[in-house]
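# Structural overview
Chain by chain, the residues run as shown.
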Amino acid sequence: MTPSPTPGLTRFNAADEAAARADLLEVCASTTWAAKLLARRPYGDAAGLFAASDSATAELTAADLAEAMAAHPPIGRPKPGDPTSAREQGGMAGASEELRGELLELNLAYQDRFGHVFLICATGLTGEQMRDALRGRIDNTPERERENVRTELVKINRIRLTRLAEGEAHS
């Protein structure tokens, strides 16, 4: 038996192009990624949506990745008033001022080195785990780090697409 689309996915499939594009850009700010996913509608199930997302993410250029990353706040500093950002960085909720300061310093060093925000799928990670990942990635080559960013973006997109497919609000 073929799985049927979830209510959220049914709504997404039926949405006009502008509304569907807006939904996708809430998931990932890359306009190239959103266009590729729009072009493959309708989706029969979440697995098809994930496969399209993974494929589109694999094809993103450095400029496309930069566009996607520009919408992500630094780790330890979720966007004020943005429930998605706060939810995804929930592991920072109980972080000490010392850890927050250390993350700020590491984030700035990372941005100086790579020219963009440190991107990690923070869902389920503690502040210490995020800090340790940042420490472990800061000495990477730009090429290696671009692939790390791509891998993390796939994870983030899947979490956010799950919420879209299940019909949950983005907030």
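Everything that follows concerns the structure shown earlier in this document.
A brief report on the enclosed structure follows. (Residues numbered from 1 in each chain as written. Predicted model: local features only at pLDDT ≥ 70, side-chain atom pairs only at ≥ 80, totals over all residues. Heavy atoms only, no water.)

### Some words on the nonpolar core
The line we're drawing: Here, nonpolar core means buried Ala, Val, Leu, Ile, Met, Phe, Trp, Tyr and Cys residues that are tied together by side-chain atoms lying within 4.5 Å of each other. Burial classes follow relative accessibility: with a 1.4 Å probe on protein chains only, a residue under 20% of its type's maximum area counts as buried, one over 50% as exposed, and anything between as partly exposed. We call two residues in contact when some of their heavy atoms are within 4.5 Å.
By size, the foremost hydrophobic cluster in this structure holds 43 residues, and its most contacted members are Phe-12, Leu-24, Trp-33, Leu-37, Leu-49 and Leu-161. Contact partners of Trp-33, with chain neighbours within four places excluded, come to Leu-24, Val-27, Cys-28, Ser-53, Ala-56, Thr-57, Leu-60, Asn-157 and Leu-161.

### Notes on the packing of aromatic side chains
Here is the rule: Here is the rule: rings of Phe, Tyr and Trp (six-membered ring for Trp) pair when centre to centre is within 6.5 Å. Planes less than 30 degrees apart are stacked, more than 60 are edge-to-face, and the remainder are tilted. Starting at the N terminus, helices and strands are each numbered in turn, a helix being any DSSP run of H or I of at least four residues and a strand any DSSP run of E of at least two. Only Lys NZ and Arg CZ are tested; either one counts as a charge over a ring when it is within 6 Å of the ring centre and within 35 degrees of the ring normal.
Within the structure shown, the criterion is met by three aromatic pairs. A ring pair is formed by Tyr-110 and Phe-114, whose centres lie 4.6 Å apart and whose planes are at 45°; its orientation type is tilted. You can see Tyr-110 and its partner Phe-114 sitting in helix α7 (residues 97-114), four residues apart, about one turn around the helix. The class for Tyr-110 is buried, based on a relative accessible area of 0%. Looking at Phe-114, the relative accessible area reads 14%, which means it is buried. Both rings, one in Tyr-110 and one in Phe-118, keep their centres 5.2 Å apart while their planes meet at 80°; by these two values the pair is edge-to-face. A relative accessible area of 1% means that Phe-118 is categorised as buried. Across from the ring centre of Phe-12, 5.5 Å away, lies the NZ or CZ of Arg-41, which sits over that ring.

### What to know about unusual backbone geometry
Each neighbour pair has its own omega, and for Arg-41 with Pro-42 the value is 0°, a cis peptide bond. On the secondary structure map, Pro-42 appears in the loop between α3 (31-39) and α4 (46-58).

### Brief notes about helix α1 (residues 7-14)
Worth spelling out the cut-off: Directions are taken from the helix axis to each C-beta atom, and the arc is the one they span.
Every buried residue of α1 is accounted for by Gly-8, Leu-9, Phe-12 and Asn-13. Down the axis, α1 shows its buried residues gathered within 135° of arc, on one side only. Residues of α1 that are exposed and point more than 90 degrees away from the buried face comprise Pro-7 and Ala-14. On the buried face of α1, the contacting elements are α2 (17-27), α4 and α9 (142-166).

### With respect to the packing of α4 against α9
Convention followed: Note on geometry: axes are lines fitted to C-alpha atoms, helical ones only across the stretch in contact, with angles between N-to-C directions running from 0 to 180 degrees. Working rule for angles: under 35 degrees goes down as roughly parallel, over 145 as roughly antiparallel, 65 to 115 as roughly perpendicular, anything else as oblique. For any helix crossing, the convention is left-handed if the near helix is rotated counterclockwise from the far helix by under a right angle, and right-handed if that rotation is clockwise. By the convention adopted, Pro, Cys, Tyr, Trp, Phe, Met, Ile, Leu, Val and Ala count as nonpolar, Lys, Arg, Asp and Glu as charged, and the other residues, Gly among them, as polar.
Contact geometry for α4 and α9: axes closest at 10 Å, N-to-C directions at 150°. Put simply, α4 runs roughly antiparallel to α9. By crossing handedness, the relation of α4 to α9 is classed as right-handed. Where α4 approaches α9, its residues Ala-46, Leu-49, Phe-50, Ser-53, Asp-54, Thr-57 and Ala-58 are matched on the opposing element by Arg-150, Leu-153, Val-154, Asn-157, Arg-158, Leu-161, Thr-162, Leu-164 and Ala-165. Split by residue class, the contact of α4 with α9 holds nine nonpolar, four polar and three charged.

Note that all results are geometric; they support no functional claim without further evidence.
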